Amino acid sequence: MASGKALLKTYIKQTHQKEIDELKSQNKQCKVSIDYESLNQFLIDQSGKDFWQHQIYEYIDQMEEIFDTGKVTLKFMNVPERDNLHDLDATSNNKWISAKAMIKNITDVMVDVKQASFICRKCGTQNIVNIANPNQSEIIPKYCRSPDCAGTSKSMFLDKDTSIYRNYKLLKLEEPLELRSGGGSREFKAIVLDYLASPFHNLKVGDVVNVTGTFKIEPKKSKGRNNGYEFIIHVHN
Ligand SMILES: [Zn+2]
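The model shown is predicted, which means the values in this text are computed figures rather than measured ones.

**Student:** Sorry, what's going on with the coordination of the zinc ion here?
**Tutor:** When four donors bind a metal tetrahedrally, each ideal donor-metal-donor angle is 109.5 degrees, and when six bind octahedrally, the ideal angles are 90 or 180 degrees. The coordination sphere of the zinc ion, as far as protein atoms go, consists of C120 (SG), C123 (SG), C144 (SG) and C149 (SG), spread over 2.3 to 2.4 Å. Taken together, the four donor atoms coordinating the zinc ion span angles of 104 to 112 degrees at the metal, a pattern that classifies the geometry as tetrahedral. Read N to C, the donor residues that coordinate the zinc ion are spaced as C-x2-C-x20-C-x4-C. Separated by 21 residues along the polypeptide, C123 in the loop between strand 4 (110-120) and strand 5 (126-130) and C144 in the loop between strand 5 and strand 6 (156-158) bring together distant segments of the chain. According to the relative accessible area criterion, C144 is buried, its value standing at 8%.

Following this line, the structure appears as structure tokens:
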């Protein structure tokens, strides 16, 4: 039986390839929405298992590489709500969530390195490092990728001009008013990347949105030093 990844690839190819190619040729930052209902039905028809059983969300980021989408991002839409922000805690690490949330505050567009280009001083070889998110640390390659070179992290420097950058914004997400069950409301830090953090995608304080993404526990930094841990939602859409 085809794997979840293969099924998702087939579905995108059949349903969205033309749209992706068209948008990519315009070289604009934009998104292609993959409808949950339609995809879920396809998965059930093909394999007898649904979106959640296949953990289809594990593969969506790889699809952007597989289809070489450039500035076009692929997003699931209309994913049913399954989680309540109120219930998320230390036992929810790495859980893919779908929840309703209110945007409490949001930063301006910030910029970070998406693909770091390190040049080896010993041999001049470029060493590329892809960076999944701005919280990632230790990005310098340990060794030069050139087989004839003994260069290490100490001989690498970051080349600003050949590195590729990305937008990001930090948000505070709060339980929407109607879901608060007495007592205080909980709020979580969240991060949006690339298109979702671009000026072309409108997010406003006070908006109630359906958030999908990965709930994570990460080291908390203050003034560049580690200071305990915190919850952060890496927003898919
Ligand atoms: Zn080298």
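**Student:** Got a minute to help me understand the side chain of N237 in this structure?
**Tutor:** Its place among the elements puts N237 in the segment after strand 10 (225-235). Here the side chain of N237 touches K31 through a polar contact of 3.3 Å, side chain to side chain. Sequence-distant contacts of N237, that is, excluding residues within four places in its chain, are made with K31, K75, F76, M77, L196, N210, V211 and T212.

**Student:** Sorry, what's going on with the pattern of salt bridges here?
**Tutor:** For side chains of opposite charge, pairing can occur when their charged atoms come near one another. Summed over the entire model, instances satisfying the criterion amount to nine salt bridges. Residue K104 is joined to E187 by a salt bridge in which the shortest nitrogen-to-oxygen separation is 2.6 Å. One end of the pair, K104, is in strand 3 (residues 95-106); the other, E187, is in strand 8 (residues 187-193), with 83 residues separating them in the sequence. Of the residues examined, K104 reaches a relative accessible area of 37% and is grouped as partly exposed. Given the relative accessible area of 34%, E187 is considered partly exposed. For the salt bridge of K189 with E230, the shortest nitrogen-to-oxygen distance reads 2.9 Å. Here K189 is found in strand 8, whereas its partner E230 is found in strand 10, with 41 residues between them in sequence. We classify E230 as buried; its relative accessible area is 16%.

**Student:** Just to check I follow, could you spell out the packing of aromatic side chains for this structure?
**Tutor:** Pairs of aromatic rings are described using the distance from one ring centre to the other and the angle between the two planes. With the rule as written, the count across this model stands at 14 aromatic pairs. In this structure an aromatic cluster arises from ring pairing among Y36, F51, W52, Y57, F76 and W96.

**Student:** Is there a simple way to think about the confidence of the model for the protein in this case?
**Tutor:** For the protein, per-residue confidence averages 91 on the pLDDT scale, and residues scoring 70 or more make up 96% of the total. Within the protein, strand 10 has the poorest average pLDDT of any element, 88, and helix 2 (residues 36-47) the best, 97.

**Student:** How should I be thinking about the domain arrangement of the protein in this particular structure?
**Tutor:** Partitioning the protein into structural domains gives domain 1 (4-77), domain 2 (85-109 + 167-235) and domain 3 (113-165). Between domain 1 and domain 2, the contact holds nine residues from the first and nine residues from the second. Buried surface at the junction of domain 1 and domain 2, summed over both partners, amounts to about 730 Å²; 72% is from carbon and sulfur atoms. Counting the surface domain 1 buries against domain 2, the share from its top three residues, Q29, K31 and Y57, is 57%. Our count for the contact surface shared by domain 1 and domain 2 stands at zero salt bridges. When residues of the side of domain 1 that touches domain 2 are traced back to their parent elements, those giving at least two are strand 1 (30-35) and strand 2 (72-77). For the side of domain 1 that touches domain 2, the per-class residue count stands at five nonpolar, two polar and two charged.

The rules behind each value
Residues numbered from 1 in each chain as written. Predicted model: local features only at pLDDT ≥ 70, side-chain atom pairs only at ≥ 80, totals over all residues. Heavy atoms only, no water. Donors = N, O, S within 2.8 Å, 3.2 Å for Na, K, Ca; no water. Tetrahedral: all angles 85-135°; square planar, octahedral: opposite > 155°, others 65-115°. Helix = DSSP H or I, 4+ residues; strand = E, 2+ residues; numbered from the N terminus. Buried < 20%, exposed > 50% of the residue type's maximum accessible area, 1.4 Å probe, protein only. Polar contact = N/O pair within 3.5 Å; in protein donor to acceptor, adjacent residues only side chain to side chain. Contact = heavy atoms within 4.5 Å. Salt bridge = Lys/Arg side-chain N within 4 Å of Asp/Glu carboxyl O. Phe/Tyr/Trp six-rings, centres within 6.5 Å; stacked < 30°, edge-to-face > 60°. pLDDT = per-residue confidence, 0-100. Domains from an automatic or database assignment. Buried area = accessible area lost by both parts, 1.4 Å probe. Nonpolar A, V, L, I, M, F, W, Y, C, P; charged D, E, K, R; others polar.

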